[in-house]
Every structure is written in C-alpha cells, then in structure tokens.
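Single-letter residue listing:
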Amino acid sequence: MSDLSAAHVEAFLEMMSAERGAAVNTLQSYERDLEDALSHMRSRGTGLTGAVTDDLRHYLAHLAGQGFKPSSQARRLSALRQFYKFLYAEGLRGDDPTGILDAPKKGRSLPKTLSIDDVSRLIGQAESEAAATTGGPERLSRLRMHALMELLYATGMRVSELVSLPASVLAQDGRFLVIRGKGNKERLVPLSQAAIRAMRTYGSALAEEFAKADKGERESPWLFPSSAKAGFLPRQVFARDLKSLASRAGIRVATISPHVLRHAFASHLLANGADLRAVQELLGHSDISTTQIYTHVLEERLHDLVQNHHPLAKQAKKQD
C-alpha cells in the first residue's frame, strides 16, 4: 500500500487554515516541521501516518543528537501532536502515538528587555530625526520609523501585527486600537497620545505622497505599505532599521529587536503596578502561563513593596 503521509499533511494544513484560522507563519512552521519528520520516518522505512511511538521517540533523539535546543524539539513534538489529533478525528488512525511521549525539558530563560531610559532614548532619537527632516525622500521613512516606535511601545504588539496594520486605523476616532492577532483573534489596546500624534503625522505625510504619485497608482490598504510581495513593510526591514536607530541612539545593537521592545512593554507595565491578567490581554496571550515569564518583575516589585512599606521594615530603617 502506498504511503499517503504527504497527502495527509496537506489535508491537515488545509484544516488548520480553513477551520482554525491559523496564520501564514504558523502554517509554514507546521509544514516545515512535519516535512522534516516525514523525511526522517521514510529513512526508517515507514511513513508519518503509520509511525509508532518508538519511531517518534527515535526522531526526537535524532533532533537532540543534531544539537536542536529543547524548545525546538518541543515545538516539533507539538506539531506532531496536532497532526495525530487530526488523523484520529478524521478516522485515519485509531490511536495517538504521541500520547505517552514527554516533552523535552527546557530551561526557563528570562526575556531580554530594555530599561525605561533606553526605550526613551530610542523613541527620542526617532522623534528628533522625524522633526529634523523637513522634506525629501527621507521624510516619510523617518516619520514612519517614529510611528512604528511609538505604536510598538504603546501597545506591545507582535511585530507581525504592527507591520500589517491596515490603513483604516487612521480613520479610527479615539484612544483604542483593534489588533487582529494569532488565529484572527481581535483585541482592544489603548494608545498613548504620543502614539496617536505620531501615527496621524505619518498618515498625513503618507497621503501627501500618494497624492503626488501617478493617478493610476492606487492607495495601499496597509498603514505601512511596501513594494514587498505582501504589500506591507517586511518584519526583517523593520528589525534592520531598528538596529540602525539604536546605533544612532548610542544603544548596544546586539540587545535590540522588535520582540525586545514587546518584552519591555510588558515588563515596564508590571514594574509600575499593572495586573498580570491585564498584561496577558494586552499582549494577546491565550494562556496566562505564557505571560508568567514576567513573574520575575512581579517578584522584584513585591520585594521592594515589602522593604519600603512593611511596618517592620520601616522600623528597621529608623533604627539604622
């Protein structure tokens, strides 16, 4: 009997797209992981659909031997679990071979972040550069960078959510922004006055550029349009421009990425009294356990709270 694993993988991806609304990046990740597992199974003389637990255990051991981090191994196993759940639901298998497999243990690493001073320097650099450029081709790109920085730090958006914002957000009235995140789930996030001003200033400049363009050229549906295939600013381009901005602001480039600013947003909120559940909602985390990587910030805040406000601590300070 011919192996139908490739066809089943394709059907699984179609289901994830049509029924679960999985994002393009998520689908591509599933496809890469499952194709790699399928290749390994075929080297063992079997297919992915017919693999048994020992085959999958051998595959995970192979990944470890290749130097894959536990987090990468866990991601591959997660893709396999979803695939076999699909096969079981469709009646293509009567069992789940991943059921008794343990996820590789991974160390808990704290997210990289930036100090409030560093973020202020970054945004200040973007703002001053935007203000200093009165015309020419650089004006729009400088205004765009300022708007990107203000929006990212004000909302904690994922970079993919930020660069793909629709131009229609410019028409919104008020201090809230609707963000479409993973799985097409929408969430409401507040905007700072600085972010609103930067976005509207950039939006006006963008409209001027479209007005100068050929009449046959239509306005883009994206807030940050680009000639790239997707039509909006690629994440890699923003990440590159962010590092360049950091260099001009005198901040070590190696510490900077769009995701680090997302971490800074969450860490600074918690350090200043925000509730963990509220930060979960703002970040768009479906599970509170994902947000709990920031509990070290809460622990530091609680320590300072006790040291500065507990009656016994105050008494000890007076005695000193």
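Residues numbered from 1 in each chain as written. Predicted model: local features only at pLDDT ≥ 70, side-chain atom pairs only at ≥ 80, totals over all residues. Heavy atoms only, no water.

- Naming follows an unreviewed UniProt entry, where the protein appears as Integrase/recombinase XerD of Ensifer adhaerens.

1. Some remarks on the overall build of the protein
Alright, step 1. Tallying secondary structure elements over the protein gives 14 helices and two strands in all.
Alright, step 2. Looking at the protein as a whole, 40% of its 320 residues are labelled buried.
Alright, step 3. Taking as baseline every contact in the protein between residues at least 6 positions apart, the subset at least 24 positions apart corresponds to 60%.
Alright, step 4. For the protein, the accessible surface area stands at approximately 18,200 Å², while carbon and sulfur atoms represent 51% of it. (Helix = DSSP H or I, 4+ residues; strand = E, 2+ residues; numbered from the N terminus. Buried < 20%, exposed > 50% of the residue type's maximum accessible area, 1.4 Å probe, protein only. Contact = heavy atoms within 4.5 Å. Areas by Shrake-Rupley, 256 points an atom, 1.4 Å probe, with all protein chains shown as cover.)

2. Notes on the nonpolar core
Alright, step 1. Ranked by internal contacts, the top residues of the largest apolar core, which has 56 residues, are Leu 122, Met 149, Leu 151, Leu 162, Leu 165, Phe 224 and Phe 238.
Alright, step 2. Counting 26 residues, the second largest nonpolar core, distinct from the first, contains Met 41, Leu 56, Leu 63 and Leu 80. (Core = buried A, V, L, I, M, F, W, Y, C linked by side-chain atoms within 4.5 Å.)

3. Points about the environment of Arg 235
Alright, step 1. Its location among the elements puts Arg 235 in helix H9 (residues 235-248).
Alright, step 2. Arg 235 sits in the partly exposed class, given a relative accessible area of 35%.
Alright, step 3. Here the alpha-carbon distance between Arg 235 and Ser 164, two residues 71 residues apart in the chain, equals 9.3 Å.
Alright, step 4. Contacts of Arg 235, omitting those with residues within four sequence positions, involve Asn 25, Val 159, Ser 160 and Val 163.

4. Comments concerning the packing of aromatic side chains
Alright, step 1. A complete count under the given rule lists six aromatic pairs for this structure.
Alright, step 2. One aromatic cluster in this structure is built from Phe 12, Tyr 30, Phe 83, Tyr 84 and Phe 86. (Phe/Tyr/Trp six-rings, centres within 6.5 Å; stacked < 30°, edge-to-face > 60°.)

5. Observations concerning helix H10 (residues 258-271)
Alright, step 1. For H10, built from 14 residues, the straight-helix expectation of 20 Å at 1.5 Å per residue is met to within 8% by its first-to-last C-alpha distance of 20 Å.
Alright, step 2. Most of H10 is tucked away: eleven of the 14 residues are buried.
Alright, step 3. When H10 is considered as a whole, its buried residues turn out to be Pro 258, Val 260, Leu 261, Arg 262, His 263, Ala 264, Phe 265, Ala 266, Ser 267, His 268 and Leu 270.
Alright, step 4. Gly 273 lies just past H10 and shows a positive phi near 105 degrees. (Expected span 1.5 Å × (residues − 1).)

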